[in-house]
Number of protein chains: 4
Amino acid sequence: MPPGKLRDNRYGKSGIRLFKVDREGARHHVTDLTVDIWLEGAFEAAHTEGENAAVLPTDTMRGTVYAFARERWSPEPEAFGLELARHFVETVASVERASVHLAAAAWERIDVGGDGHDHAFTGGAPARRTATVTVGPDGADVTAGLGDLLVLKTARSGFSGFHVDAYTTLAETDDRVLATLVTARWRYDALALDWSACAGEVRRLLLETFAEHDSESLQHTLYAMGQAVLAARGEIAEIWLSMPNQHHNLVDLQPYGLENPNEVFVVADRPFGVIEATLARDA
Amino acid sequence: MPPGKLRDNRYGKSGIRLFKVDREGARHHVTDLTVDIWLEGAFEAAHTEGENAAVLPTDTMRGTVYAFARERWSPEPEAFGLELARHFVETVASVERASVHLAAAAWERIDVGGDGHDHAFTGGAPARRTATVTVGPDGADVTAGLGDLLVLKTARSGFSGFHVDAYTTLAETDDRVLATLVTARWRYDALALDWSACAGEVRRLLLETFAEHDSESLQHTLYAMGQAVLAARGEIAEIWLSMPNQHHNLVDLQPYGLENPNEVFVVADRPFGVIEATLARDA
Amino acid sequence: MPPGKLRDNRYGKSGIRLFKVDREGARHHVTDLTVDIWLEGAFEAAHTEGENAAVLPTDTMRGTVYAFARERWSPEPEAFGLELARHFVETVASVERASVHLAAAAWERIDVGGDGHDHAFTGGAPARRTATVTVGPDGADVTAGLGDLLVLKTARSGFSGFHVDAYTTLAETDDRVLATLVTARWRYDALALDWSACAGEVRRLLLETFAEHDSESLQHTLYAMGQAVLAARGEIAEIWLSMPNQHHNLVDLQPYGLENPNEVFVVADRPFGVIEATLARDA
Amino acid sequence: MPPGKLRDNRYGKSGIRLFKVDREGARHHVTDLTVDIWLEGAFEAAHTEGENAAVLPTDTMRGTVYAFARERWSPEPEAFGLELARHFVETVASVERASVHLAAAAWERIDVGGDGHDHAFTGGAPARRTATVTVGPDGADVTAGLGDLLVLKTARSGFSGFHVDAYTTLAETDDRVLATLVTARWRYDALALDWSACAGEVRRLLLETFAEHDSESLQHTLYAMGQAVLAARGEIAEIWLSMPNQHHNLVDLQPYGLENPNEVFVVADRPFGVIEATLARDA
């Protein structure tokens with residue numbers, strides 16, 4: 001009799017790279033997704049007995065993504081994710097819950113003579129859009145997000161009045177550079193929406209609120225950004241924000257006989273502050 | 001009245017790089033840690049009002065790590081983490097829960113003439129040791145782990161009898177290369193132990209079980225590895241294992257008029273299989 | 001008498017992270033540079049004798065960058081690099097040649113209500129601008145560049161008529177997806193220019209030529225891009241381009257009973273093609 | 001007439017991942033290589049005319065590596081690289097020079113009951129072995145190397161007596177932590193050797209010399225390491241070493257009322273010192 005009991009097991013396929021071209025005459029549209037799939041269900045015998053009859057191979061998950069890109073395609077990550085997650089739950093008896101995560105790389109048309117080119121694109125932009133779709137016994141759940149949204153402000157940001165103890169060396173400031181790499185994820189309470197329009201609005205609200213806020217701390221600004229999204233988008237039930245503090249430290253130029261009136265900063269990679277919170281609509 | 005309610009907020013400092021030298025005469029001992037700290041507690045006013053009185057600056061967390069490396073040092077990550085986590089909960093009124101994660105880089109003595117050198121080391125070895133210590137209202141919790149333990153076997157591994165559907169292309173095999181990057185985390189039901197000895201034993205058990213197992217799947221091997229740890233180490237309450245499948249695919253050499261009797265493989269970076277499970281001691 | 005002779009030695013500082021704020025009233029301008037410095041000169045005694053009198057510490061190079069950001073600042077990387085490189089050659093007797101490399105991260109104003117914000121920025125854009133300035137016995141040399149310019153086209157690209165041997169399996173195609181991450185470096189034959197305007201024009205020329213070219217290979221397109229730059233910008237003496245081929249391979253959907261009319265592609269990380277060339281103005 | 005002339009063009013394939021199993025009865029031997037190939041030759045028409053007849057597709061280079069892993073295999077990277085480089089120069093008329101770079105990942109047998117296991121391995125060790133073989137009009141050239149050899153010493157290292165100017169803030173020290181990530185490449189003046197034995201000896205000499213040296217600077221230690229290799233291995237004509245300075249800075253504990261007797265250090269990621277040199281046998 002083995003001493004342990006299997007709990008919380010899941011498996012899947014990560015890093016499926018799908019590039020899709022949709023043609024509207026000479027005008028081409030491209031979608032670039034990295035797809036991760038996780039399944040939960042009745043997989044105990046695979047662990048305990050080495051019996052694989054209930055196991056959908058991860059290679060089949062990969063194949064399903066490519067086949068669905070032709071058969072049941074939607075360029076909206078949320079909609080394509082719903083197709084995939086429902087398929088696994090509905091057609092594989094052992095699967096109780098399927099979670100599909102999709103990250104979309106941004107490609108923009110190359111500007112030629114003032115117009116976006118029909119079939120040439122430039123990419124690599126940050127702030128990529130993400131979606132996570134989960135289908136389980138309680139139905140479907142769609143969470144969208146933005147990753148790698150790098151923002152910075154050089155005014156209207158301070159940090160003071162904090163707790164002081166024997167290990168405090170930080171000085172209070174009412175004028176610092178505030179920089180963070182925003183990751184956002186928000187859960188919808190709907191399963192059909194104009195997903196792209198909504199994601200675009202959330203992005204705009206996050207950026208504008210960051211720019212316009214009088215910040216007493218990253219927590220303070222994070223909270224304002226979350227509230228702005230919930231206030232404007234009734235279809236969003238909750239939003240999670242991660243906003244690590246990328247410290248820009250004032251350089252001491254006194255050894256060189258120079259003043260530094262908030263002009264010259266060193267950017268520190270590590271350590272960095274970490275701040276996370278969820279704001280949920282008050283029901 | 002804002003539409004959302006703050007939930008699940010936490011903050012801290014990540015990537016604190018500490019290098020410590022302990023001297024025993026001419027014999028030097030080195031510890032190389034990367035420390036992450038997360039706090040939870042009564043921080044709502046910082047978010048809602050921009051009021052920072054309850055906030056311990058993340059810069060102070062950094063300072064505390066360096067001061068404690070001199071004042072309250074232990075080269076065991078678990079013990080040093082307990083000192084830090086308890087300090088934050090016990091001395092900062094707003095802190096309800098503190099979680100300290102420590103990752104130790106491995107440095108080994110350079111071998112000179114058959115002996116380990118007194119003060120020269122070589123590093124960068126994988127399979128680094130980790131510890132996560134959490135102190136909260138319900139007491140303390142110590143979880144240890146190993147990261148980046150890369151293992152591979154070229155015999156006694158197959159995968160067959162799996163679920164087949166319209167998207168299946170994978171062939172069954174009773175002889176494949178099995179490779180995975182093991183991450184393990186195990187929770188102790190004790191707060192004082194010979195932490196290093198136990199971590200070393202877990203590492204040995206994981207490696208030996210991986211080597212000796214007749215594998216029907218990564219799930220099958222993961223389960224055997226977890227059971228081996230629970231069977232041998234009564235102080236461990238549960239173990240979580242992540243073992244992504246780093247596919248080694250047989251190369252088709254037929255276009256070149258050659259056979260490939262399980263000799264030549266291409267290593268795929270993406271996509272890769274993902275397998276995770278927790279085994280908990282049956283109470 | 002040691003068996004070897006010292007040759008080709010150099011040293012310096014890498015990864016100096018400088019963030020500079022310039023204020024024009026309420027309107028802030030930001031520059032984000034990563035600076036690398038290399039020195040060559042009369043440093044033999046440091047190697048052979050452990051005699052450091054001729055050695056400018058790399059820590060001093062770091063300090064000089066921050067002091068010059070206040071004392072002798074230019075937001076143009078080429079001009080700031082010239083200040084730094086000349087300083088080391090002119091003031092440190094042992095230095096014969098100084099090379100300064102600067103990579104500028106792109107920050108754009110956050111758009112609020114149709115206007116670029118005064119002091120809030122979004123960053124992380126690819127295609128960052130670089131400059132390498134070398135000052136030595138033969139004078140100064142300025143090379144500018146672009147890094148990480150990711151481009152892709154879904155039409156007007158083929159690859160056929162290539163050399164075939166016993167190890168060929170690639171099929172000819174007159175319609176493929178062509179994707180590459182362009183790195184460009186071009187050498188000026190001037191030491192004073194509107195550096196930003198010129199770099200912007202080179203970027204535009206590279207993008208437009210990539211978009212409009214009927215490509216028979218990446219070599220073919222690289223050459224056209226280089227010629228376009230040399231034709232339009234007389235101040236550029238030569239241009240080096242690196243354009244690795246990021247393969248987008250058509251997925252075989254036949255196992256699923258589906259056609260794939262150039263729609264569904266898998267993006268391969270490795271291996272990837274590599275193509276590099278220099279085009280020099282014919283003198 | 002285009003303004004530029006093609007110069008210094010080359011192309012190839014990078015990141016070919018080969019895993020090879022050699023069997024000696026139940027005892028398996030594994031080799032894990034990442035191969036990069038560069039060709040130079042008569043490829044001008046591909047650039048200027050889009051004429052590909054002289055171009056060996058990079059996909060064929062990939063296929064050749066896998067076929068040769070079966071047909072003309074050697075587990076020594078230097079020997080396998082010579083087979084590949086000679087093949088391209090000898091069989092493809094347009095190829096004038098072929099350069100093959102091979103990096104070998106280290107896999108060690110898992111220890112089970114004191115013995116190395118027959119077919120189970122653990123990997124990820126740093127200090128991987130590299131080889132670069134070039135075959136051209138002047139014959140063949142074999143360069144071997146080590147990458148990512150991380151070393152550190154906590155005694156017998158200082159830095160003092162350096163050049164001081166207005167931008168100097170660094171203090172002199174006769175006791176610092178010295179850490180560096182050694183990359184080494186050495187050129188042989190032979191085409192047949194016991195390559196593995198020689199690489200192992202170079203590794204040992206580099207480590208021992210680093211450990212035993214009384215270091216006045218990284219330059220000083222680099223030079224001693226290079227001389228030790230040239231003194232012991234007559235088949236090596238020259239050696240290039242890169243030894244970036246991974247700064248371990250003493251933490252100022254005075255704000256916390258503590259001394260720091262060379263015990264507590266912060267490890268800085270950036271900026272870092274860079275030091276490179278070549279030592280060539282005095283002929």
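The structure displayed is predicted, hence computed values, not measured ones. Residue indices follow the written sequence of each chain, beginning from 1 at its first position. As a convention, the first chain written is A and the first ligand written is 1, with the rest following in written order. Local features in this predicted model are restricted to residues of pLDDT 70 or higher, and side-chain atom pairs are both shown and tallied only at a pLDDT of 80 or more, whereas totals for entire chains, interfaces and linings draw on every residue. Processing note: side-chain calculations cover all non-hydrogen atoms of the structure and skip hydrogens and water entirely.

S.K.: Where do I start with the overall build of chain A in this structure?
M.R.: Counting its secondary structure elements, chain A contains five helices and ten strands. Dimensions of chain A along its principal axes, counting C-alpha atoms only, are 75 × 65 × 45 Å. The buried label applies to any residue whose accessible area, calculated with a 1.4 Å probe on protein chains only, is under 20% of its type's maximum; exposed applies above 50%, and partly exposed to all values in between. Each of the 283 residues in chain A was classed as buried or not, and the buried ones make up 60%. Total accessible area computed for chain A in this model is approximately 10,500 Å², and 46% of it derives from carbon and sulfur atoms. Across chain A, the centroid of the 26 positively charged side chains sits 6 Å from that of the 42 negatively charged ones. A run of DSSP states H or I qualifies as a helix once it reaches four residues; a run of E qualifies as a strand once it reaches two. Both are numbered from the N-terminal end. Every accessible area reported is derived by Shrake-Rupley at a probe size of 1.4 Å, with residue values counting cover from the shown protein chains alone. Note on charges: Lys and Arg go in the positive column, Asp and Glu in the negative column, and His and the chain ends are not counted at all. For the purpose of locating charges, the reference atoms are NZ of Lys, CZ of Arg, CG of Asp and CD of Glu.

S.K.: What should I look at first to understand the confidence of the model for chain A in this one?
M.R.: Values of pLDDT, the confidence the predictor places in each residue, fall between 0 and 100. Looking at chain A as a whole, its pLDDT mean stands at 97, while 99% of the residues score no less than 70. Reported for the predicted complex are a pTM of 0.97 and an ipTM of 0.96.

S.K.: Hey, could you run me through the interface of chain C and chain D in this one?
M.R.: For an interface, size is often stated in terms of accessible area lost upon the parts coming together. Counting residues at the interface gives 75 residues for chain C and 76 residues for chain D. Note on definitions: buried area is the accessible-area loss of two parts on being combined, 1.4 Å probe, summed for both. Buried surface at the junction of chain C and chain D, both sides included, amounts to about 6,400 Å², of which 55% is carbon and sulfur. A pair is scored as a salt bridge if a Lys or Arg side-chain nitrogen falls within 4 Å of a carboxyl oxygen belonging to Asp or Glu. For the interface between chain C and chain D, the tally reads four salt bridges. Across the salt bridge formed by C:Glu276 and D:Arg10, the nearest N and O atoms sit 3.1 Å from each other. Any N or O atom pair separated by 3.5 Å or less is treated as a polar contact, with the protein-specific requirement of one donor-capable and one acceptor-capable atom, and with residues adjacent in sequence counted only for side-chain atom pairs. On inspection of chain C and its partner chain D, the count reaches 32 residue pairs in polar contact (both at pLDDT 80 or more). Only strand S1 (4–24), strand S2 (27–41), helix H1 (44–48), helix H2 (58–71), helix H5 (218–232) and strand S10 (272–281) of chain C provide two or more residues apiece to the side of chain C that touches chain D. Ranked by the residues each element gives to the side of chain C that touches chain D, the list is headed by S1(C), at 14 residues. Of the residues contributing to the side of chain C that touches chain D, the split by class is 32 nonpolar, 26 polar and 17 charged. In this scheme, strands are said to pair when DSSP sees at least two bridges between them. Two strands pair when backbone bridges link them, and S10(C) and strand S1 (residues 4–24) of chain D are joined in this way by nine bridges, in the antiparallel orientation. Its bridge partner being in S1(D), C:Ala280 is matched across the sheet by D:Lys5. We call two residues in contact when some of their heavy atoms are within 4.5 Å. Think of it as three bins: nonpolar holds Ala, Val, Leu, Ile, Met, Phe, Trp, Tyr, Cys and Pro, charged holds Asp, Glu, Lys and Arg, and polar takes everything else, Gly as well.

S.K.: Sorry if this is basic, but what is going on with the interface of chain D and chain A here?
M.R.: Between chain D and chain A, the contact holds seven residues from the first and seven residues from the second. The contact between chain D and chain A buries some 640 Å² in all, and 52% of this surface belongs to carbon and sulfur atoms. For chain D, the biggest contributors to the area lost against chain A are D:Thr169, D:Tyr256 and D:Asp269; these three give 60% of the whole. In this structure, the connection of chain D to chain A is made through two salt bridges. Close ionic contact of A:Asp269 with D:Arg270 constitutes a salt bridge, the shortest N to O distance being 2.7 Å.

S.K.: What is the right way to read the relation of the copies chain D and chain A from this model?
M.R.: Each copy of the chain is related to the other by a rotation around an axis and a translation along that axis. Superposition of the copies was done by least squares, using only C-alpha atoms of residues whose pLDDT is at least 70 in both. Between chain D and chain A, the superposition needs a rotation of 180° and an axial shift of 0.0 Å, giving an RMSD of 0.0 Å. Such a combination of turn and shift is consistent with a two-fold rotation axis. When C-alpha positions in chain D are compared against the rotation axis, the closest is assigned to D:Asp269, at 3.8 Å. Of the interface residues in chain D, 100% have counterparts in chain A that sit at the interface too, so the contact is made through matching surfaces.

S.K.: Can you walk me through the packing of helix H4 (residues 195–212) of chain D against helix H5 (residues 218–232) of chain D in this structure?
M.R.: How two helices sit against one another is set out by the angle between their axes and by the gap between those axes. Residue and element names in this part refer to chain D. Remark: H4 packs on H5, axes separated minimally by 9 Å, with the N-to-C direction vectors making an angle of 140°. Put simply, H4 runs oblique to H5. Once H4 is placed against H5, the crossing between them reads as right-handed. For the pair H4 and H5, the contacting residues are Val202, Leu205, Leu206, Thr209 and Phe210 in the first and Thr221, Ala224, Met225, Ala228, Val229 and Ala232 in the second. A breakdown of the residues in the contact of H4 with H5 according to their chemical character gives nine nonpolar, two polar and no charged. Interaxial angle, 0 to 180 degrees, is taken between N-to-C directions of lines fitted to C-alpha atoms, where a helix line uses only the stretch in contact. Should an angle fall under 35 degrees it is taken as roughly parallel, and over 145 as roughly antiparallel, whereas 65 to 115 is taken as roughly perpendicular and any remaining angle as oblique. The handedness criterion is simple: a crossing whose near helix is rotated anticlockwise from the far helix by less than a right angle is left-handed, and one whose near helix is rotated clockwise is right-handed.

S.K.: How should the relation of the copies chain C and chain D be read in this particular structure?
M.R.: With an RMSD of 0.0 Å, chain C superimposes on chain D once it is rotated by 180° and translated 0.0 Å along the axis. The fraction of interface residues of chain C whose copies in chain D are also interface residues reaches 100%, indicating that both copies meet through the same surface.

S.K.: Looking at this model, I keep getting lost on the packing of aromatic side chains. Mind explaining?
M.R.: A ring pair, where both rings are aromatic, is described by two values, the distance of the centres and the angle of the planes. Any Phe, Tyr or Trp ring, taking Trp's six-membered ring, that has another such ring centre within 6.5 Å forms a pair; planes under 30 degrees apart are called stacked, those over 60 apart edge-to-face, and the others tilted. Considering all chains together, one arrives at 28 aromatic pairs over all chains under this definition. Measuring from ring centre to ring centre gives 5.9 Å for B:Tyr256 and C:Tyr167, while their planes differ by 45°; the resulting arrangement is tilted. A residue pair is termed interchain when its members come from two chains, as with B:Tyr256 in the loop between strand S8 (248–250) and strand S9 (264–267) and C:Tyr167 in the loop between strand S5 (139–153) and strand S6 (178–188). A relative accessible area of 13% places B:Tyr256 in the buried class. Here C:Tyr167 falls in the buried class, since its relative accessible area comes to 8%. Following the ring pairs from residue to residue traces out a cluster consisting of A:Phe68, B:Tyr167 and C:Tyr256.

S.K.: Please explain unusual backbone geometry as it appears in this structure.
M.R.: Across residues other than glycine, the phi torsion is negative in most instances, and most of the peptide bonds are trans. Note the cis peptide between B:Arg270 and B:Pro271, where omega equals -10°. Along the chain, the position of B:Pro271 falls in the loop between S9 and strand S10 (272–281). Residue A:Asp148 is not a glycine yet carries a positive backbone phi of 60°. Following the sequence through the fold, A:Asp148 ends up in strand S5 (residues 139–153). Not every positive phi belongs to a glycine, and B:Arg156 is a case in point at roughly 55°.

S.K.: Help me understand the packing of H2(C) against helix H3 (residues 77–91) of chain C, please; the structure alone is not making it clear to me.
M.R.: All names here are of chain C. Between H2 and H3, the shortest axis-to-axis distance is 11 Å and the interhelical angle comes to 130°. Here H3 runs oblique to H2, going by the angle between their axes. In this structure, H2 meets H3 at a crossing whose hand is right-handed. Between H2 and H3, the residues in contact are Met61, Thr64, Val65, Phe68 and Ala69 and Phe80, Glu83, Leu84, His87 and Phe88, respectively. Of the residues contributing to the contact of H2 with H3, the split by class is seven nonpolar, two polar and one charged.

S.K.: Whenever I open this one, the side chain of C:Ser99 confuses me. Can you help?
M.R.: Residues and elements named next belong to chain C. On the secondary structure map, Ser99 appears in strand S3 (residues 95–112). According to the relative accessible area criterion, Ser99 is buried, its value standing at 18%. Engagement of the side chain of Ser99 in a polar contact is seen with the side chain of Thr134, the distance being 3.3 Å. Once you skip the residues sitting within four places of it in the chain, Ser99 turns out to touch Asp36, Ile37, Trp38, Thr132, Val133 and Thr134.

S.K.: Help me understand the side chain of A:Ser74 in this model?
M.R.: Residue and element names in this part refer to chain A. Here Ser74 lies in the loop between helix H2 (58–71) and helix H3 (77–91). A residue is classified by how much of its surface remains accessible, and Ser74, at 16% relative accessible area, is buried. Within the structure, Ser74 has its side chain in polar contact with the backbone nitrogen of Glu76 (distance 3.1 Å). Setting aside chain neighbours within four positions, we find Ser74 in contact with Ala79 and Phe80.

S.K.: Where do I start with the environment of B:Cys198 in this structure?
M.R.: Residues and elements named next belong to chain B. Position of Cys198 relative to the elements: it lies in helix H4 (residues 195–212). For Cys198, a relative accessible area of 1% translates into the label buried. Spatially, the C-alpha atoms of Cys198 and His87 are 25 Å apart, while their sequence positions differ by 111 residues. With sequence-adjacent residues up to four places away left out, Cys198 is seen in contact with Tyr188, Arg233, Glu235 and Ile236.

S.K.: Is there a simple way to think about H5(D) in this case?
M.R.: Residue pairs spaced three or four apart in an α-helix point in one direction, given the helix's 3.6 residues per turn. Every helix has an expected span of 1.5 Å times one less than the residues it contains. Along its 15 residues, H5(D) runs 21 Å from first to last C-alpha, staying within 8% of the 21 Å computed at 1.5 Å per residue. The N-cap of H5(D), judged by a side-chain oxygen 3.3 Å from the amide nitrogen of D:Gln219 a few residues on, is D:Ser217.

S.K.: Got a minute to help me understand H3(A) in this structure?
M.R.: Taking 1.5 Å of rise per residue, 15 residues should cover 21 Å, and H3(A) covers 21 Å from first to last C-alpha, within 8% of that figure. All of the buried residues along H3(A) are A:Pro77, A:Glu78, A:Phe80, A:Gly81, A:Leu82, A:Leu84, A:Ala85, A:His87 and A:Phe88.

S.K.: Just to check I follow, could you spell out the environment of B:Gly234 for this structure?
M.R.: Residue and element names in this part refer to chain B. With respect to the helices and strands, the residue Gly234 is situated in the loop between helix H5 (218–232) and strand S7 (236–242). Spatially, the C-alpha atoms of Gly234 and Arg281 are 9.0 Å apart, while their sequence positions differ by 47 residues. With residues near it in sequence (within four places) discarded, Gly234 still touches Asp189 and Arg281.

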